[in-house]
Amino acid sequence: MGLQELRETAEALVAPGKGILAADESGGTIKKRFDSIDVESTEDNRRAYREMLFRTEGAADHVSGVILFDETIRQKAADGTPLVELLEKQGIIPGIKVDAGAKDLAGSKGETVTEGLDGLRERLAEYRELGARFAKWRATYSIDSKSKGGRRPTDYCLDVNAHALARYAALCQEENLVPIVEPEVLMDGDHDIDRCSEVTEFVLKTVFQELYYARVKPEGLVLKPNMVVPGKKCAKQVSDAEMAERTLHVLKACVPVAVPGIAFLSGGQSDVEATARLDAMNKMGGVPWRLTFSYGRALQAAPQKAWSGKAENKAAAQAAFAHRAEMNGLATLGKWAADFEKKAA
Ligand code: 13P
């Protein structure tokens, strides 16, 4: 019974032509985003902004689910409708971020461990009551360059984060919530693509081993990994085709065929870069999972800028969001082309 529901939800999240909107920025992160468009981060502004996104006509054509923050899953639209209900009416599945953030890892300077396991079983039960059907937990891993010793990520960091991800995922499945398992190897730094590939492979192998120990069912989860790319400051960047080839190579070595889908994070890539690379992977194909998006910044940068906190910009902001969602929807099918971007929002 449980597995059947988990499977159906996971498959719906990665349905062809669709992907996930990550709108689960914590208080600190949404403030940073709003600062960049000169908007004060008040509860009402956060509600108005997210309500505007969720009311975008036709959003469900390309958005299967939305990851919410704790504040948002409890919020009501201006007319009193719960935001969760707005999503459900559109045919979009509500989800929830349940980790409590990446905190400094004691004993390993420069590394983090994601917290939030205490009381998680009870919180998951409440979120399910509030309408969530899936959840998200993000672990982060930083890479330091060889010139600085090439120490990070340490085995210790890999172990503690994989353990936490597995305990989270098991608790989610117990509550019939699909866990989005997000181990993110960060793009910051000057490491090359080989190092990103090596680290991503080790991270994914460690995570899937722990998921297995925790009896997590691969059929009822969605993996949310980084793409295999050179560090942002690496002098040698690569083509979309090379990046696609390298990413699929690592995923094939690590991800069980039983996992229904892989929904990439954007991680600081530009909007169009994130779309082009997802498209390149889907054009390449030959993998047993659906490959889609679970983007935060790459879906929201354009609508945020168009909105800039002004009600009169609502239509332009919704058009910008609809455009990015459509482009990424095409990329999930390997049917995007750079020319389509000219039909700007
Ligand atoms: P980005 O796409 O901006 O990396 O955000 C995805 C996300 O959900 C991070 O946890």
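The structure reproduced in this document is the subject of the present report. (Residues numbered from 1 in each chain as written. Predicted model: local features only at pLDDT ≥ 70, side-chain atom pairs only at ≥ 80, totals over all residues. Heavy atoms only, no water.)

Examining the packing of helix 6 (residues 120-129) against helix 7 (residues 155-174)
Two numbers describe how helix 6 lies on helix 7: the axes approach to 10 Å, and their chain directions differ by 40°. It follows that helix 6 is oblique to helix 7 by the angle criterion. Crossing of helix 6 against helix 7: the hand is right-handed. Of helix 7, the residues touching helix 6 (which contributes Leu120, Arg121 and Leu124) are Tyr168, Leu171, Cys172 and Glu174. Residue classes in the contact of helix 6 with helix 7 are distributed as five nonpolar, no polar and two charged. (Axes fitted to C-alpha atoms, helices over the stretch in contact; angles between N-to-C directions. Helix = DSSP H or I, 4+ residues; strand = E, 2+ residues; numbered from the N terminus. Parallel < 35°, antiparallel > 145°, perpendicular 65-115°, else oblique. Left-handed = near helix turned anticlockwise from the far one by under 90°. Contact = heavy atoms within 4.5 Å. Nonpolar A, V, L, I, M, F, W, Y, C, P; charged D, E, K, R; others polar.)

Overview of the pairing of strand 2 (residues 63-68)
The buried count for strand 2 comes to six of six residues, which makes it a mostly enclosed element. Note that strand 2 and strand 3 (residues 93-97) share four bridges and pair parallel. Note that in strand 3 the partner of Ile67 across the bridge is Gly95. (Buried < 20%, exposed > 50% of the residue type's maximum accessible area, 1.4 Å probe, protein only. Pairing = 2+ DSSP bridges.)

Description of the layout of surface pockets
In this structure, the largest pocket spans a volume of roughly 690 Å³. Along the walls of the largest pocket sit 31 residues, with Thr29, Arg33, Arg138, Glu184 and Arg297 positioned nearest its centre. Elements represented by at least two residues in the lining of the largest pocket include exactly helix 2 (27-35), strand 6 (134-141), strand 7 (178-185) and strand 10 (290-295). Partitioning the lining of the largest pocket into residue classes produces eight nonpolar, nine polar and 14 charged. Taken as a whole, the second largest pocket holds about 170 Å³ of empty space. Forming the boundary of the second largest pocket are 13 residues, of which Arg47, Ala48, Met52, Trp307 and Lys314 lie nearest the centre. Of all elements in the fold, only helix 3 (43-54) and helix 12 (314-331) reach the threshold of two or more residues within the lining of the second largest pocket. (1 Å grid on protein atoms, 1.4 Å probe; cavity = no way out; pocket = protein on both sides within 12 Å on 5 of 7 lines; lining within 4 Å. Points joined across faces, edges and corners; volume = space filled by probe spheres on them.)

Side note on unusual backbone geometry
That bond from Arg152 to Pro153 is cis: its omega, -5°, falls within 30 degrees of zero. Backbone geometry at Asp38 places phi at a positive 60°, although glycine is not the residue there. Topologically, Asp38 is positioned in the loop between helix 2 and helix 3. Here Asp38 falls in the exposed class, since its relative accessible area comes to 74%.

Some points on the site of the ligand
Around the ligand lies a shell of 13 residues, among which Lys136, Lys224, Ser266, Gly267 and Arg297 are the nearest. Within the contact set of the ligand, an oxygen atom lies 2.5 Å away from a side-chain nitrogen or oxygen of Ser266. With the chains in place, 92% of the 300 Å² that the ligand exposes on its own is no longer accessible. Structurally, the ligand is housed in the largest pocket. Residue classes in the shell around the ligand are distributed as three nonpolar, four polar and six charged. (Near = heavy atom within 4 Å. Polar contact = N/O pair within 3.5 Å; in protein donor to acceptor, adjacent residues only side chain to side chain. Areas by Shrake-Rupley, 256 points an atom, 1.4 Å probe, with all protein chains shown as cover. Sits in = over half its atoms within 2 Å of the grid points.)

Notes on helix 12
Along an α-helix, a turn takes 3.6 residues, which lines up residues three or four apart on a common side. Here helix 12 is 18 residues long and its end C-alpha atoms lie 26 Å apart, about the 26 Å a rise of 1.5 Å per residue gives. If you check which residues of helix 12 are buried, you get Ala317, Gln318, Ala320, Phe321, His323, Arg324, Ala325, Met327, Asn328, Gly329 and Ala331. In this fold, the buried residues of helix 12 make contact with strand 1 (19-22), helix 3, strand 2, helix 10 (271-284), strand 10 and helix 11 (297-307). (Expected span 1.5 Å × (residues − 1).)

Side note on the environment of Asp79
With respect to the helices, strands and loops of the structure, Asp79 is situated in the loop between helix 4 (70-73) and helix 5 (83-90). Overall, the relative accessible area of 52% leaves Asp79 in the exposed class. Within the structure, the side chain of Asp79 is placed 2.7 Å from the side chain of Thr81, a separation counted as a polar contact.

Some remarks on empty space enclosed by the protein
Sizing a probe to match a water molecule and rolling it over the atoms shows the empty space that remains. Across all of its chains, the model carries one cavity of 30 Å³ or more by this definition. The space that makes up the largest cavity amounts to roughly 40 Å³. Lining of the largest cavity is provided by Glu184, Val185, Met187, Asn226, Met227, Val229, Leu265, Ser266, Gly267 and Gln269. A per-class count over the lining of the largest cavity returns five nonpolar, four polar and one charged.

Brief notes about the sheet that holds strand 3
Ordered by their spatial adjacency, eight strands build a closed barrel running 1-2-3-6-7-8-9-10, and the pairing between neighbours is parallel. When strand 1 meets strand 10, the two strands line up parallel, connected through two bridges. Across the sheet, the residue bridging to Ile20 is Ser294, located in strand 10. Seen against the sheet, helix 10 touches strand 9 (261-264) and strand 10 and runs at an angle of roughly 170° to strand 10.

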